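# Descriptive analysis of the structure
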Amino acid sequence: MSDYTQAYTILADQLAARGIDVASVERKLAAQAIETPSWGYGDSGTRFKVFPWTGAARNVHEKLADAAYVHRLTGAAPSVALHIPWDQTDDWIALKQEASELGIRLGAINPNLFQEEQYRLGSLCSPDSGARESAVAHMIECCAIMEQTGSDILSVWLADGTNYAGQDSIVARKHRLEEGLRLVYEHLPAGSRMLVEYKFFEPAFYSTDLPDWGTAYAMCLKLGPQAEVLVDTGHHAQGTNIAQIVAFLLDEERLGGFHLNARKYADDDLIVGTENPFELFTIYTELVSAGAKADRVAYMIDQSHNIEPKLEAMLQSVINCQVAYAKALIVDYARLAEAQNAGDVLGAHRLLMEAYETDVRPLLAKVRQDKGLHPDPIAAHRASDYPRRVAEQRGKATQGGAGYPTTS
Ligand code: PSV
Ligand code: MN
């Protein structure tokens, strides 16, 4: 959209007529920040095939450069999450400096507890004490990395579980999980948080040690105030009401953050807001309704791009989050509360839909232009020579590239 100004004027007038404080909405949109994942910039695929992408980032430096590019175009992606050891470096201070020179920050640190031989039966929950000790040591090493990078989130996801009934004691595994997380918790840098992520199945198929938000929440309560739940939107059974989980955790002040993506069948890791635009909107309405309780929430994308161009996919993800947030910001919450209290079932529903069906793109275009950005990041990207330059410099891997080789 190049000429959005007329559409913006009409929209701003309509919103003002609905009693919406447009200037306040614009300020909130200007402050929106979404962290992108280093692994989303490298080659990735399914267990069937990794299709190498010409220009995909091959190492952490190229991933930082790509993340900085996404931030330059959107003004809304100021940090990048790292996965250890995929993004291992021998000089974290230098990497932090490199990020800062590129105009971004190093964000959440994600320990990898699923790619070593020793984790065949799990990591923190494994019956093998050696595997458990390695997992704890790796997570403590990640806490030390956080001290150097200035990261304030340790993002914990375990692939732990069992494949067959009777394979291991579910209760013994629970006890090992508690013990392992407790040992790591003690090493969290001051002021930082451990975000505990759950996922209902995969790679384990019979039982998963952290299968749902309730289990993650219970672990966080046992650990202490620096532990909070991470909701990955792709980690639920079909039909789960994620907005309800979000509302509960926000109210309990234990929602630490998100891994945003879209899913249709399993943990598909697709572009957020493609399959699930309405779900994303309802999640954002809970966040907006929660007011200050949502201030601590970290918004992180967790996607792996298999057949789509990686940079454009990441830009689209950020944009889709902006759209969902903008729509949630223009809900008339006062009238909504009145309708709810009056038991006006469909009146209340229509108030939400009124916001959802509003085309907020002119509003976002205005916010971007106010920041000195192109009003349409996708158009800016398609006109940019950055993708062509990196394609020339980096070429194409001959087989599955560095980073995240397979997703499911
Ligand atoms: C697991 O599927 C997951 O969602 C976890 O968040 C990991 O950190 C991420 O993917 C990358 O492996
Ligand atoms: Mn995730």
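Everything discussed here concerns the structure shown above.
Here the residue numbering is sequential within each chain, running from 1 through the sequence in written order. Here the convention is simple: chains get letters from A, ligands get numbers from 1, in the order in which they are written. It should be noted that, the model being predicted, local features are given only for residues of pLDDT at least 70 and side-chain atom pairs only at 80 or more, the latter also being counted only at that level, while totals for whole chains, interfaces and linings use all residues. The side-chain quantities take in all heavy atoms of the structure and omit both hydrogens and water.

In terms of regular secondary structure, the chain is built from 15 helices and 10 strands. In this treatment the radius of gyration is a C-alpha quantity, and the globule benchmark scales as 2.2 Å times the residue count to the 0.38 power. Its C-alpha atoms give the chain a radius of gyration of 21 Å, within 12% of the compact-globule value 22 Å for 408 residues. In terms of principal-axis extent, the alpha carbons of the chain reach across some 65 × 60 × 40 Å. Each residue's exposure class comes from its accessible area (1.4 Å probe, protein chains only) as a fraction of the maximum for that residue type: buried when under 20%, exposed when over 50%, partly exposed otherwise. Relative to its full complement of 408 residues, the chain shows a buried share of 57%. Note on definitions: a residue-residue contact is assigned when non-hydrogen atoms from the two residues lie within 4.5 Å. Within the chain, contacts between residues separated by at least 24 positions form 79% of all contacts whose residues are at least 6 apart in sequence. We get accessible surface area from the Shrake-Rupley algorithm with a probe of 1.4 Å; when it comes to residues, only the shown protein chains can shield them. A total of about 17500 Å² of accessible surface is found on the chain, and carbon and sulfur atoms cover 52% of it. Neither His nor the chain ends contribute to the count of charged residues, in which Lys and Arg are positive and Asp and Glu negative. Think of each charge as sitting on NZ of Lys, CZ of Arg, CG of Asp or CD of Glu. Averaged over its 37 positive side-chain charges, the chain has a centre that lies 2 Å from the centre of its 54 negative ones. Strands here mean DSSP runs of E at least two residues long; helices mean DSSP runs of H or I at least four residues long; both are numbered from the N terminus.

Residues in close proximity to ligand 1 total 13 residues, the closest being E197, K199, H259, D267 and D302. Polar contacts, as used here, are pairs of N or O atoms within 3.5 Å; protein pairs need one atom able to donate a hydrogen and one able to accept it. Residues neighboring in sequence count only if both atoms are side-chain atoms. One nitrogen or oxygen atom from the side chain of H235 is found 3.2 Å from an oxygen atom belonging to ligand 1. At 2.6 Å from an oxygen atom of ligand 1 is found a side-chain nitrogen or oxygen belonging to D302. A total of 310 Å² of accessible area belongs to ligand 1 in isolation, and the protein chains cover 98% of it. To be near a molecule or strand, a residue needs just one of its heavy atoms within 4 Å of it.

Only E197 (OE), D232 (OD), H259 (ND1) and D302 (OD) from the protein reach the manganese ion (ligand 2) as donors, at distances of 2.1 to 2.2 Å. Viewed at the metal, the 6 donor atoms of the manganese ion (ligand 2) are separated by angles of 71 to 165°, and the geometry they form is irregular. Only nitrogen, oxygen and sulfur atoms within 2.8 Å of the metal, or 3.2 Å for Na, K and Ca, are treated as donors, and water is left out, so sites may look incomplete. Expressed as a motif, the donor residue spacing for the manganese ion (ligand 2) is E-x34-D-x26-H-x42-D. Highlighted residues: D232 in strand β8 (residues 227-232) and H259 in strand β9 (residues 255-260), separated in sequence by 27 residues. H259 shares its class with D232; the two are buried. Angular criteria define each label, namely tetrahedral for four donors with all angles between 85 and 135 degrees, square planar for four and octahedral for six donors with opposite donors over 155 degrees apart and remaining angles between 65 and 115, and irregular for whatever fails these tests.

This brings us to the packing of helix α6 (residues 170-185) against helix α7 (residues 213-223). At their nearest, the axes of α6 and α7 sit 10 Å apart, and the two run at 50° to each other. Taken as axis vectors, α6 and α7 run oblique relative to one another. For α6 against α7, the interelement crossing comes out right-handed. Between α6 and α7, the residues in contact are K174, L177, E178, L181, R182 and Y185 and M219, K222 and L223, respectively. Gly counts as polar in this scheme, as do all residues outside two lists: the nonpolar Ala, Val, Leu, Ile, Met, Phe, Trp, Tyr, Cys and Pro, and the charged Asp, Glu, Lys and Arg. When the residues that make up the contact of α6 with α7 are grouped by side-chain class, the tally is 5 nonpolar, no polar and 4 charged. All axes here are fitted lines through C-alpha atoms, helices being fitted over the stretch that makes contact, and every angle between N-to-C directions spans 0 to 180 degrees. An angle counts as roughly parallel when it lies under 35 degrees, as roughly antiparallel when it exceeds 145, as roughly perpendicular when it falls between 65 and 115, and as oblique in every other case. Left-handed is the label given to a crossing in which the near helix is rotated counterclockwise from the far helix by less than a right angle, and right-handed is the label when the rotation is clockwise.

As a further point, take the pattern of salt bridges. Here, a salt bridge means any Lys or Arg side-chain nitrogen found within 4 Å of an Asp or Glu carboxyl oxygen. If you walk through the whole model with that rule in mind, you get 24 salt bridges. The partner of D332 in a salt bridge is R335, with the nearest N and O atoms 3.9 Å apart. Overall, the relative accessible area of 41% leaves R335 in the partly exposed class. With its nearest N and O atoms 2.8 Å apart, the salt bridge here joins K366 to D370. Placement of the pair is K366 and D370 together in helix α13 (residues 361-370), with a separation of 4 residues, close to one helical turn. By relative accessible area, which is 53% here, D370 ends up exposed. Shared partners join several salt bridges into a network, and the residues in it are R58, E62, D66 and R394.

Okay, empty space enclosed by the protein next. Grid points spaced at 1 Å over the protein atoms alone were grouped into cavities, where a 1.4 Å probe fits but cannot get out, and pockets, open sets with protein on both sides within 12 Å along at least five of seven lines, with lining residues defined by an atom within 4 Å of a point. Grid points are joined across faces, edges and corners, and a volume is the space filled by probe spheres set on the points. By the definition in use, this model includes 1 cavity of 30 Å³ or more. Taken as a whole, the largest cavity holds about 30 Å³ of empty space. If you go around the largest cavity, the residues you meet are L29, A30, T74, A76, Q322, V367, R368 and K371. The set of elements that each furnish at least two residues to the lining of the largest cavity consists of α2 (22-31) and α13. Per-class residue counts for the lining of the largest cavity are 4 nonpolar, 2 polar and 2 charged.

The side-chain alternation of strand β4 (residues 153-156) yields two buried faces, one formed by I153 and S155 and the other by L154 and V156. Strands are labelled as partners when DSSP assigns at least two bridges between them. Across 4 bridges, the pairing between β4 and strand β6 (residues 193-197) is parallel. Paired with S155 across the strands is L195, a residue of β6.

Residues A298 and M300 of strand β10 (residues 298-301) are buried on one face, and the alternating residues Y299 and I301, pointing to the opposite face, are buried as well. In this structure, β9 lies alongside β10, joined through 4 bridges in parallel fashion. Counted as the bridge partner of F258 is Y299 from β10. Viewed with both strands pointing away, a crossover whose connecting path from the first strand over the helix to the second turns clockwise is right-handed. In this fold, the crossover linking β9 to β10 by way of helix α9 (residues 277-289) has right-handed handedness.

In this structure, the largest pocket encloses a volume near 900 Å³. As for the largest pocket, its lining consists of 41 residues, of which A31, A33, D295, V297 and Y299 are closest to the centre. Among the elements of the structure, α2, α4 (92-102), β3 (105-111), α9, β10 and α10 (310-329) are those that each provide at least two residues to the lining of the largest pocket. Residues of the lining of the largest pocket, tallied by class, amount to 22 nonpolar, 10 polar and 9 charged.

A word on the packing of aromatic side chains. What counts as a ring pair is set by centres within 6.5 Å for rings of Phe, Tyr and Trp (its six-membered ring), and what kind of pair is set by the plane angle: stacked under 30 degrees, edge-to-face over 60, tilted for all other angles. Evaluation of the coordinates by the stated rule reveals 14 aromatic pairs. With centroids separated by 5.3 Å and ring planes inclined at 65°, the aromatic side chains of F114 and W157 adopt a geometry described as edge-to-face. Here F114 is found in the loop between β3 and α5 (129-149), whereas its partner W157 is found in the loop between β4 and β5 (161-162), with 43 residues between them in sequence. Ring geometry for Y284 and Y325: centres 5.5 Å apart, planes at 40°, overall tilted. Here the residue Y284 occupies a position in helix α9, and Y325 occupies one in helix α10, the gap between them amounting to 41 residues.

As for its placement among the helices and strands, A328 is situated in helix α10. As a C-alpha pair, A328 and L154 span 174 residues in sequence and 28 Å in three-dimensional space. The residues contacting A328, other than those within four sequence positions of it, are F281, Y284, T285, V288 and Y333.

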